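# Structural overview
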Amino acid sequence: MAQKGVQLGQETLSCSICLDLLKDPVTVPCGHSYCMKCIKSHWDKEDEKTIYSCPQCRQTFTPRPVLGKNTMLAVLVEELKKTGLQAAPADHCYAGPDDVACDVCTGRKLKACKSCLQCLASYCDEHLQSHFEAAPLKKHKLVEPSKKLQENVCSRHDEVMKMFCRTDQQSICYLCSGEDHKGHDTVSAAVERSEKQTELELSQRNIQQRIQDREKDVKLLQQEVEAINGSADKTVGNSEKIFTELIRLMEKRRSDVKQQVRSQQQTEVSRVRELQEKLEQEITELKRKDTELEKFAHTEDHNQFLHDYPSLSPLSESTHSSSIKIRPLRYFEDVTAAVSEVRDKLQDLLREKWTNISQTVTGVDVLLSQPENMTRAEFLKYSCDITLDPNTAYTQLLLSDGNRKVTVMREQQSYSSHPDRFTYYLQVLSKESLTGRCYWEVERRGYGVCVAVTYKNIRRAGGSDECLFGCNDKSCELDFYNNSYNFWYNNVITPVSGPESSRVGVYLDHRAGVLSFYSISKTMTLLHRVQTTFTQPLHAGLRFNWFNSSGDSAELCKLK
């Protein structure tokens, strides 16, 4: 029991910096005690920050505290020494397999507390004292204990590498600069470290700015959530009042509107929260990266810094827009207007207007449903796997690559007779029907390729306009002919301006009635957008011009 009490006393009276019994003990304002030399040495490193901290509890002090000897602790330490039980250091003071050992100690080596870049050796607290007392040694550069000191020595000349070759991007000694690296762009390691440090600081500032931007975006998205919820709640309340007047005839419809608004509210809130979560994850990652760079920026060994610098992982580009713009709030207010119309025109509603209400709810204009705000990466989330239907292909169209590619041939193909086949125009439809939100891209080769969407019930047999994409009310198309784009619908041509590209992207939001065409190259440019009402599922279509189209092809791109 007595021995256990002494062991506790030794631990209590030890300095947490050198892990030995206190020498000239001093107590800092927070109450922790250290050796006078240890705490002074620790604070000397923090002089540039002008803020001083306790190594144990991290409490900060400004200005630097004035240190005075703690007489009571000094007496206790002396009494403990007189017991004769402090003959050997505690086990935790000896170097283990993962520790840096003192190069001077004989026998069982103590842990090193510092490494010297000039001596290329590591020292425990006792053997380090000469670096504080001997005038020539005071100028040596001391760093945290390192096992990589020999990496600072030139393997060829056995000299300390104090220079850096920018031509070969490696540390060298002064002899190397006059031999293998003669004529190269060489500077001192300190100068190169200074420049790399500046680059590192720029990266840190960039990260910190992005953190601020993302935190601002998160706040904007939270406001958006609150606005959506408030607008939805208000709309539900107004709908309740209007439907109360029509309760006998409209009980079912009232319930349906309420359900749709709530469902759309949940969908939009979920969408906003999804982006909010992604931004918060990005903030967390950026903070982690900032901490990593901050730790690396304090590497004291220039050569080690330069050696490890190229291995730093580059900062990934943000996948989100640099700012979030909130649109004027109107969300579900159109639903209230539509329901008011129901009250005034009950009979029309029952026969014709119910579809109008449903589409008004799902077509709410909110922040994240606007295609003009979406990046290509966001469009790709809605990419759909589309193939071409051989039963619809004109007989001179050859399908290949898993029915994704279509090529115009001179000769007829051996297709069987089928009622879905186009018999006059060089057209083909997708096998899959399209509803909801869909995105696909078409790679065209040749100048006679048209990209279309159509209802399935478009006429197939014959050469009338009822069969031709864009010349009836069942289809529309974007063509590229004579170096210009044109949009066709119901035989009305709309000239379209935009950059020429071999790839066209198509975005469909069936419920919202949005159809958009994009030119895809290094950038994504909107060519034409249609806002309408779709009453049936759609099919993707491809068409080729009659003239000079042999050999032309189009392919539905794999986007996943």
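The rules behind these values
Residues numbered from 1 in each chain as written. Predicted model: local features only at pLDDT ≥ 70, side-chain atom pairs only at ≥ 80, totals over all residues. Heavy atoms only, no water. Helix = DSSP H or I, 4+ residues; strand = E, 2+ residues; numbered from the N terminus. Buried < 20%, exposed > 50% of the residue type's maximum accessible area, 1.4 Å probe, protein only. Areas by Shrake-Rupley, 256 points an atom, 1.4 Å probe, with all protein chains shown as cover. Salt bridge = Lys/Arg side-chain N within 4 Å of Asp/Glu carboxyl O. Arc of directions from axis to C-beta. Pairing = 2+ DSSP bridges. Contact = heavy atoms within 4.5 Å. Axes fitted to C-alpha atoms, helices over the stretch in contact; angles between N-to-C directions. Core = buried A, V, L, I, M, F, W, Y, C linked by side-chain atoms within 4.5 Å. pLDDT = per-residue confidence, 0-100. Parallel < 35°, antiparallel > 145°, perpendicular 65-115°, else oblique. Phe/Tyr/Trp six-rings, centres within 6.5 Å; stacked < 30°, edge-to-face > 60°.

- The name given to the protein in an unreviewed UniProt entry is Tripartite motif-containing protein 16-like, and the organism recorded there is Labrus bergylta.

## Some points on the overall build of the protein
- Helix and strand counts for the protein stand at twelve helices and 23 strands.
- For the protein, the proportion of its 560 residues judged to be buried stands at 44%.
- Of the roughly 30300 Å² of accessible surface on the protein, 50% is carried by carbon and sulfur atoms.

## Concerning the pattern of salt bridges
- On inspection of all chains with the given rule, the structure shows 27 salt bridges.
- Its salt-bridge partner being Glu 192, residue Arg 166 comes within 2.7 Å of it at the nearest N-O pair. Of this pair, Arg 166 sits in the loop between β8 (163-165) and β9 (170-172) while Glu 192 sits in helix α7 (residues 189-245), placing them 26 residues apart in sequence.
- For Arg 166, a relative accessible area of 23% gives the class partly exposed.
- A salt bridge links Glu 443 to Arg 503, with the nearest nitrogen and oxygen atoms 2.8 Å apart. Of this pair, Glu 443 sits in strand β14 (residues 437-445) while Arg 503 sits in strand β19 (residues 503-509); the two residues are 60 residues apart in sequence, bridging distant segments of the chain.
- Look at Arg 503 and you get partly exposed, because its relative accessible area is 23%.

## With respect to helix α4 (residues 125-133)
- Residues of α4 that are buried include every one of Asp 125, Leu 128, Gln 129 and His 131, and no others. In an axial view of α4, the angular spread of the buried residues amounts to 160 degrees, which keeps them on one side of the axis. Turned more than 90 degrees away from the buried face of α4 sit Glu 126 and Glu 133, all of them exposed.

## Observations regarding the pairing of strand β16 (residues 475-481)
- Burial of β16 is extensive: six of the seven residues sit out of reach of the surface.
- In the sheet, strand β15 (residues 449-455) pairs with β16 via five bridges, with the strands oriented antiparallel. Its bridge partner being in β16, Thr 454 is matched across the sheet by Ser 475.
- Bridge count between β16 and strand β17 (residues 484-489): six bridges; the pairing is antiparallel. Bridge pairing in β17 places Cys 476 opposite Tyr 489.
- Hairpin geometry of β16 and β17 is characterised by an intervening segment of two residues between the two adjacent antiparallel strands and by a positive phi of about 55 degrees at Asn 482.

## A look at the environment of Ile 283
- Looking at where Ile 283 falls in the secondary structure, it is placed in helix α8 (residues 247-297).
- Ile 283 gets classed as buried once you look at its relative accessible area, which sits at 8%.
- Sequence-wise, Ile 283 and Arg 210 are 73 residues apart; in three dimensions their C-alpha atoms are separated by 8.0 Å.
- Other than its neighbours up to four places away in sequence, Ile 283 contacts Ile 211, Arg 214, Glu 215 and Val 218.

## As for the pairing of strand β21 (residues 524-531)
- Relative to β21, strand β20 (residues 514-520) runs antiparallel, the two sharing seven bridges. When the bridges of β21 are listed, Val 514 appears paired with Gln 531.
- The antiparallel pairing of β20 with β21 creates a hairpin that spans three residues between the two strands.

## Brief notes about the sheet that holds strand β13 (residues 427-429)
- The strand order across the open sheet built from six strands is β13-β22-β15-β16-β17-β18, with neighbouring strands paired in antiparallel fashion. Strands at the two margins of the open sheet, each flanked by one partner only, are β13 and β18 (492-496). Direction aside, the axes of adjacent strands within the sheet are offset by 20 degrees on average.

## Side note on the nonpolar core
- Ranked by internal contacts, the top residues of the largest apolar core, which has 38 residues, are Leu 397, Trp 440, Leu 515 and Phe 517.
- What Leu 515 contacts, discounting residues up to four positions off in sequence, is Val 453, Cys 476, Val 506, Tyr 507, Leu 508, His 528, Arg 529, Val 530 and Phe 534.
- If you look at the next biggest cluster of nonpolar residues, it comprises 33 residues, including Val 236, Phe 243, Val 272 and Val 335.

## Some words on the sheet that holds β8
- Strand order across the open sheet formed by three strands is β9-β8-β10, with antiparallel pairing between neighbours. One side of each edge strand has no neighbouring strand; the edge strands of this open sheet are β9 and β10 (186-188). Geometrically, the sheet is characterised by an average inter-axis angle of 35 degrees between neighbouring strands, direction not taken into account.
- Relative to β9, β8 is paired through three bridges, and the arrangement is antiparallel. Residue pairing across strands places Phe 164 opposite Ser 171, the latter belonging to β9.
- Packing of α7 onto the sheet brings it into contact with β8 and β10, and relative to β10 it is tilted by some 90 degrees.

## A look at unusual backbone geometry
- Cis geometry is adopted by the peptide bond preceding Pro 63, which originates at Thr 62 and carries an omega value of 0 degrees.
- Here Pro 63 is to be found in the loop between β4 (60-61) and α3 (71-82).
- You will see that Asp 401, though not glycine, has its phi angle at about 50 degrees, which is positive.

## A short note on the confidence of the model for the protein
- Mean pLDDT over the protein stands at 84; residues scoring 70 or higher make up 87%.
- Taken element by element, the predicted model of the protein shows its lowest mean pLDDT in helix α1 (residues 2-12) (49) and its highest in β13 (96).
- Across residues 365-369, confidence stays below pLDDT 50; counting only partners more than four residues off in sequence or on other chains, it has 18 contacts.

## Quick look at the packing of α7 against helix α10 (residues 333-344)
- At their nearest, the axes of α7 and α10 sit 9 Å apart, and the two run at 5 degrees to each other. For the element pair α7 / α10, the angle class is roughly parallel. For the pair formed by α7 and α10, the contact residues are Ser 231, Thr 235, Asn 238, Ser 239, Ile 242, Phe 243 and Glu 245 on the first element and Glu 333, Val 335, Thr 336, Val 339, Ser 340 and Arg 343 on the second.

## Considering the environment of Val 191
- Structurally, Val 191 can be placed in helix α7.
- The class of Val 191 is partly exposed, set by a relative accessible area of 38%.

## A few points about the packing of aromatic side chains
- Scanning the entire structure with this criterion turns up 13 aromatic pairs.
- Geometrically, the ring pair formed by Phe 379 and Tyr 507 is edge-to-face, given 5.0 Å between the ring centres and 65 degrees between the ring planes. Of this pair, Phe 379 sits in helix α12 (residues 376-380) while Tyr 507 sits in strand β19, and the two are 128 residues apart along the sequence.
- Given the relative accessible area of 1%, Phe 379 is considered buried.
- Between the aromatic rings of Tyr 424 and Tyr 425, the centroid separation amounts to 4.9 Å while the plane-to-plane angle is 85 degrees, which identifies the pairing as edge-to-face.
- Ring pairing ties together the aromatic residues Phe 379, Tyr 382, Tyr 439, Tyr 507 and Tyr 518, which thus form one cluster.

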